[in-house]
Amino acid sequence: MEAAKQKRVNVEKAQNFMRQYRDPESRELKKLSAHQFMDVWSHYDKDGNGFIEGTELDGFLREFVASANPTEVNSEALTDEMLDELKSCFLEAYDDNQDGKIDIRELAQLLPMEENFLLLFRFDNPLESSVEFMKIWREYDSDNSGYIEADELKNFLRDLLKEAKHNNDVSEERLIEYTDIMLQVFDANKDGRLQLSEMAKLLPVKENFLCRQVFKGAKNLTKEDIESVFSLYDRDNNGSIENEELRGFLKDLLELAKKDYDAQDLKDFEETILQGVGYKDGKISRKELTMILLTLAKIPPNEQ
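### So, the pattern of salt bridges
Then, number 1: Under the defined criterion, the tally for this structure stands at 15 salt bridges.
Then, number 2: Between Arg247 and Glu244 there is a salt bridge; the shortest N-O distance is 3.3 Å. Taken together, the positions of Arg247 and Glu244, both in helix H12 (residues 244-257) and three residues apart, correspond to about one turn of that helix.
Then, number 3: Assessed through its relative accessible area of 30%, Arg247 is described here as partly exposed.
Then, number 4: Put simply, Lys258 and Asp265 hold a salt bridge, and the shortest N to O gap is 3.6 Å.

### A word on the nonpolar core
Then, number 1: Within the largest apolar cluster, 82 residues are counted, with the highest numbers of intra-cluster contacts made by Phe37, Phe60, Leu107, Leu111, Phe117, Phe133 and Phe156.
Then, number 2: Of the residues forming this core, the biggest block, seven residues, is contributed by helix H9 (residues 172-186).
Then, number 3: Look past the residues within four positions of Phe117 in its chain and what remains in contact with it is Ala34, Phe37, Tyr178, Ile181 and Met182.

### Comments concerning the packing of helix H3 (residues 55-66) against helix H4 (residues 80-94)
Then, number 1: Direction vectors running N to C along H3 and H4 enclose 100°, while the axes themselves pass 10 Å from each other. One element, H3, and the other, H4, form an angle in the roughly perpendicular class. Packed against H3, whose contacting residues are Leu57, Asp58, Phe60, Leu61, Arg62 and Val65, the element H4 presents Asp80, Leu83, Leu86, Lys87, Phe90 and Leu91 at the interface.

### So, the confidence of the model for the chain
For any part of a model where pLDDT is low, the fine detail of the predicted coordinates should not be relied upon.
Then, number 1: Taken as a whole, the chain shows an average pLDDT of 83; of its residues, 84% reach a score of 70 or greater.
Then, number 2: Here helix H1 (residues 2-14) stands out as the element of the chain with the lowest mean pLDDT, 44, in contrast to strand E1 (residues 148-149), whose mean of 98 is the highest.
Then, number 3: Note that pLDDT drops below 50 for residues 4-13; the model gives that stretch one contact with residues more than four away or on any other chain.

### What to know about the environment of Lys46
Then, number 1: By the secondary structure assignment, Lys46 is in the loop between helix H2 (34-44) and H3.
Then, number 2: Placed 10 residues apart in sequence, Lys46 and Glu56 show a C-alpha to C-alpha distance of 7.0 Å.
Then, number 3: A distance of 3.1 Å separates the side chain of Lys46 from the backbone oxygen of His43, its partner in a polar contact.

### Some details on H12
Then, number 1: Over its 14 residues, H12 extends 20 Å from the first C-alpha to the last, a length consistent with the 20 Å expected when each residue adds 1.5 Å.
Then, number 2: Among the 14 residues of H12, 11 are classified as buried, and the element is accordingly described as predominantly covered.
Then, number 3: Looking only at H12, the buried set comprises Glu244, Glu245, Leu246, Gly248, Phe249, Leu250, Lys251, Asp252, Leu253, Leu254 and Leu256.

### A short note on H4
Helical periodicity: at 3.6 residues per turn, an α-helix aligns residues three or four positions apart in one direction.
Then, number 1: When the terminal C-alpha atoms of H4 are compared, their 20 Å separation across 15 residues agrees well with the 21 Å that a helix rising 1.5 Å per residue should span.
Then, number 2: Of the surrounding secondary structure, the elements contacted by the buried residues of H4 are H3 and helix H5 (104-110).

### Some words on the packing of H2 against H9
Then, number 1: Running from N to C, H2 and H9 cross one another at 10°; their axes reach a closest spacing of 10 Å. Classified by the interaxial angle, the pair formed by H2 and H9 is roughly parallel. Here Ala34, His35 and Met38 of H2 lie close against H9, whose contacting residues are Glu177, Tyr178, Ile181, Gln184 and Val185.
Then, number 2: Tallied by class, the residues present in the contact of H2 with H9 amount to five nonpolar, two polar and one charged.

### Details of the packing of aromatic side chains
Then, number 1: Under the definition given, this model contains 13 aromatic pairs.
Then, number 2: Pairing Tyr233 with Phe249 gives two aromatic rings, centres 5.2 Å apart and planes at 70°, and the pair type is edge-to-face. One end of the pair, Tyr233, is in helix H11 (residues 223-233); the other, Phe249, is in helix H12, with 16 residues separating them in the sequence.
Then, number 3: Following the ring pairs from residue to residue traces out a cluster consisting of Phe17, Tyr21, Tyr44, Phe60, Phe64, Phe90 and Tyr94.
Then, number 4: Above the face of the Tyr147 ring, Arg193 is positioned so that its terminal group lies 3.6 Å from the ring centre.
Then, number 5: Lying over the aromatic face of Phe133, Lys251 brings its terminal NZ or CZ to 4.8 Å of the ring centre.

Calculation notes
Residues numbered from 1 in each chain as written. Predicted model: local features only at pLDDT ≥ 70, side-chain atom pairs only at ≥ 80, totals over all residues. Heavy atoms only, no water. Salt bridge = Lys/Arg side-chain N within 4 Å of Asp/Glu carboxyl O. Helix = DSSP H or I, 4+ residues; strand = E, 2+ residues; numbered from the N terminus. Buried < 20%, exposed > 50% of the residue type's maximum accessible area, 1.4 Å probe, protein only. Core = buried A, V, L, I, M, F, W, Y, C linked by side-chain atoms within 4.5 Å. Contact = heavy atoms within 4.5 Å. Axes fitted to C-alpha atoms, helices over the stretch in contact; angles between N-to-C directions. Parallel < 35°, antiparallel > 145°, perpendicular 65-115°, else oblique. pLDDT = per-residue confidence, 0-100. Polar contact = N/O pair within 3.5 Å; in protein donor to acceptor, adjacent residues only side chain to side chain. Expected span 1.5 Å × (residues − 1). Nonpolar A, V, L, I, M, F, W, Y, C, P; charged D, E, K, R; others polar. Phe/Tyr/Trp six-rings, centres within 6.5 Å; stacked < 30°, edge-to-face > 60°. Lys NZ or Arg CZ within 6 Å of the ring centre and 35° of its normal.

What follows is the structure, given as structure tokens:
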């Protein structure tokens, strides 16, 4: 009984999940289908938190390297020193936001995948700000439910692929498959739809400008800093922040307070944050923006 148990443990240790995706002769990685890529992601993101990090990343790198060997090499053959050096080089090459962990978009850069699905993770022109994000949200939340449901997500993916490929050769069946997989990846609370914070992970902006260190201390905030923020959100240059501009600004502010949020959270936050500046006309002036940023800068970082 004990011998059988030990044998099973040894077999499990010797198994290498990545080996099945390499060509037996060339040892090169095969092109992964959308479902295969999802299988790889799910296998290594064992805690389902949306990142491959810590021991998960160690395990992935060990198996990734060992799978390239034509013989059955145990992934533990990679020494700790070799692993540390490999991890450093790997993160430098693929960890775009330098947070020490790999998200699904970064993994997509490493693994060969079918072209259409890969395009959903690669944007030639990342969104400049959350203003553009909120405009897209308004366009695809066609029923104004405050969520992107499966059909709305499918329409978004169809248009995204059409723009990337400049044609419309993705079948309806494949679009349904992609929609299902993207929901598996980004629908963190598994309610079958995407809330604001989940869609923001699928369609990220270049940077939340308000996360910069300069906004953490009022004494460091200059007139130029405030003007930069105002210009970032006043996209039509009409001298006020309104409509999607306002919602984009509030979305970025809300992200400083919580990671998971939906449209109702944004609406409630809008009412709360703007009461203090006498907001009544649906617009924010430079003076009102200055008041909000100065208030934000005075809040200790652990309370934001």
